[in-house]
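Single-letter residue listing:
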Amino acid sequence: MYDSPLLIVGGGAAGIAAALSAKKRFAELLPGESAGNLIAVLERESAPGGVLRQCVHRGFGLTRFSFDLTGIEYMRRFTGPFAGSGIRFWADTAALEVFPDRTLLAVGPRVGRRRISFAHLILASGCYERSFPSLTAAGTRPSGIYTAGEAQYLINCCHAQIGERAVILGSGDMGQILARRMVLEGKEVPAVVEQDSVCGGLLKNRRDCLEKYGIPVLLTSTVVFVHGEGRIDGVTVRNLRTGEETRIACDTLISAVGLIPEQRILKKLRRGGELPDWITLCGNCHHVHKIVDSVTLQAEEAGAAAAEKIVSYRFSEL
């Protein structure tokens, strides 16, 4: 007897979409049963929604709903139905490790420290950001250095003033969106620094975030030195083609230098690079998607497939 036949780790866009899709498929395959009771979602935050809860900009839902929504509005399309679904939601619960006996070690104020058993696991844990200290820039590590996700959370959710003059390292979608956000907050963005010879991200974001607000982009360049004691007061930027270096005064550095799929709780399960067939990866923990619409589409397919597999387990045991 499992604690939860289907256990989903992550209550963001992928996890909630997978849960709702799995419930629908369970209801079709097992009429008369309470489908919601077959599913549990673990989420380390206190509410579902994941990173979309801090995305106040538009650009979501054009593919999935044919509407230009903010991240918050997009997620409400799923959290509303989820709230009344009967699916068990374990908030404030972190997943630490998955074991070969189909158990997961979880910890949190509501569950304590316990092993949760399951028949099938969907990992929908998203990504984590590559941090600035992981790069090779010299100098000190004063305050005022943030990843893009940290900066976005502090500005949009905590209404914090993180600085007055920010250099953005990385011209992908997140870097461009943060550059615009800083300008809209009344701050200065002297440069977006990009190591490649062209801007990253979607063309729409380049037009709406950089070109519209006249934010300078330094291509084929990177930050090689951080200046400041206590608080950052500038960075040295090197042109990777010419070797020329320029010091830019700033009190904030925001790094948007890439995302890494979050799969670390599965580290002891890979054999020859393969995972057991009772684990499904979906969303950005599978691979980094360009838009959230494709995240939810993949998650819905994963949820339905997991429900079918669990039902086949049950019948094979009869």
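Residues numbered from 1 in each chain as written. Predicted model: local features only at pLDDT ≥ 70, side-chain atom pairs only at ≥ 80, totals over all residues. Heavy atoms only, no water.

Caption draft 1: Region of interest: the sheet that holds strand β14 (residues 217-218). Taking strand neighbours across the sheet as the criterion, the 5 strands line up as β11-β18-β12-β13-β14 in an open arrangement whose pairing is parallel. Each edge of the open sheet is held by one strand with a lone partner, namely β11 (145-147) and β14. Where β11 meets strand β18 (residues 252-255), 3 bridges bridge the pair, whose relative direction is parallel. Residue pairing in the sheet places T147 in a bridge with S255 of β18. Relative to β11, helix α3 (residues 148-156) is tilted by about 95°, and along the sheet it contacts β11 and β18. Contacts from helix α4 (residues 173-184) reach β12 (165-169), β13 (188-193) and β18 within the one sheet, and its direction differs from that of β13 by about 170°. (Pairing = 2+ DSSP bridges. Helix = DSSP H or I, 4+ residues; strand = E, 2+ residues; numbered from the N terminus. Contact = heavy atoms within 4.5 Å. Axes fitted to C-alpha atoms, helices over the stretch in contact; angles between N-to-C directions.)

Caption draft 2: View of the nonpolar core. Residues F26 and L104 are the most contacted members of the largest nonpolar core, which totals 58 residues. Top element by residues in this core is helix α6 (residues 292-316). It accounts for 9 residues. Among residues more than four places away in sequence, those in contact with F26 are L6, A35, L38, I39, A307, I310 and V311. (Core = buried A, V, L, I, M, F, W, Y, C linked by side-chain atoms within 4.5 Å. Buried < 20%, exposed > 50% of the residue type's maximum accessible area, 1.4 Å probe, protein only.)

Caption draft 3: Geometry of the pairing of β12. Along β12, 4 of the 5 residues are buried, which leaves the element largely enclosed by surrounding structure. Relative to β13, β12 is paired through 4 bridges, and the arrangement is parallel. Each residue of the ladder has a partner; that of V167, found in β13, is A191. For the segment spanning β12, α4 and β13, crossover handedness is right-handed. Two elements, β12 and β18, share 4 bridges in a ladder whose sense is parallel. Opposite L169, over in β18, you have S255 as the bridge partner. (Right-handed = clockwise from strand over helix to strand, strands pointing away.)

Caption draft 4: Quick look at the environment of R207. With respect to the element layout, R207 can be found in helix α5 (residues 203-211). You can call R207 partly exposed: its relative accessible area is 48%.

Caption draft 5: Expanded view of the pattern of salt bridges. Under the counting rule described, the total for this entry stands at 16 salt bridges. Here E45 ties to R53 by a salt bridge, and the two come within 3.9 Å at their closest N and O atoms. We classify E45 as partly exposed; its relative accessible area is 37%. In this structure, K268 and E97 form a salt bridge, with 3.2 Å as the shortest nitrogen-oxygen distance. Taken as a pair, K268 in the loop between β19 (259-261) and β20 (279-281) and E97 in strand β6 (residues 94-99) lie far apart in primary sequence, 171 residues in all. With relative accessibility at 59%, the residue K268 sits in the exposed group. Several salt bridges share partner residues, and in doing so they unite R25, E28 and E308 into one network. (Salt bridge = Lys/Arg side-chain N within 4 Å of Asp/Glu carboxyl O.)

Caption draft 6: Structural context of the packing of helix α1 (residues 13-29) against helix α2 (residues 71-83). Between α1 and α2, whose axes approach to 10 Å, the crossing angle comes to 45°. Judged by the inter-axis angle, α1 sits oblique to α2. Seen from above, α1 lies across α2 with left-handed handedness. Counting all contacts with α1, which are made through A13, I16, A17, A19 and L20, the residues of α2 involved are M75, F78, P81 and F82. Here the residues of the contact of α1 with α2 sort into 9 nonpolar, no polar and no charged. (Parallel < 35°, antiparallel > 145°, perpendicular 65-115°, else oblique. Left-handed = near helix turned anticlockwise from the far one by under 90°. Nonpolar A, V, L, I, M, F, W, Y, C, P; charged D, E, K, R; others polar.)

Caption draft 7: Broad picture of α2. For α2, spanning 13 residues, the distance from its first C-alpha to its last is 18 Å, which sits close to the expected 18 Å at 1.5 Å a residue. At R77, α2 shows its largest kink, close to 30°, and the proline P81 lies no more than four residues downstream. The complete set of buried residues in α2 reads G71, Y74, M75, F78, T79 and F82. (Expected span 1.5 Å × (residues − 1). Bend = angle between axes of the 7 residues up to and from the residue.)

Caption draft 8: Representation of the packing of α3 against α4. For the pair α3 and α4, interaxial distance at closest approach is 10 Å and the crossing angle is 35°. Between α3 and α4 lies a crossing of left-handed hand. Note on element contacts: α4 touches α3 through M174, I177, L178, R181 and M182, opposite A148, G149, A151, Q152, I155 and N156. Residue classes in the contact of α3 with α4 are distributed as 7 nonpolar, 3 polar and 1 charged.

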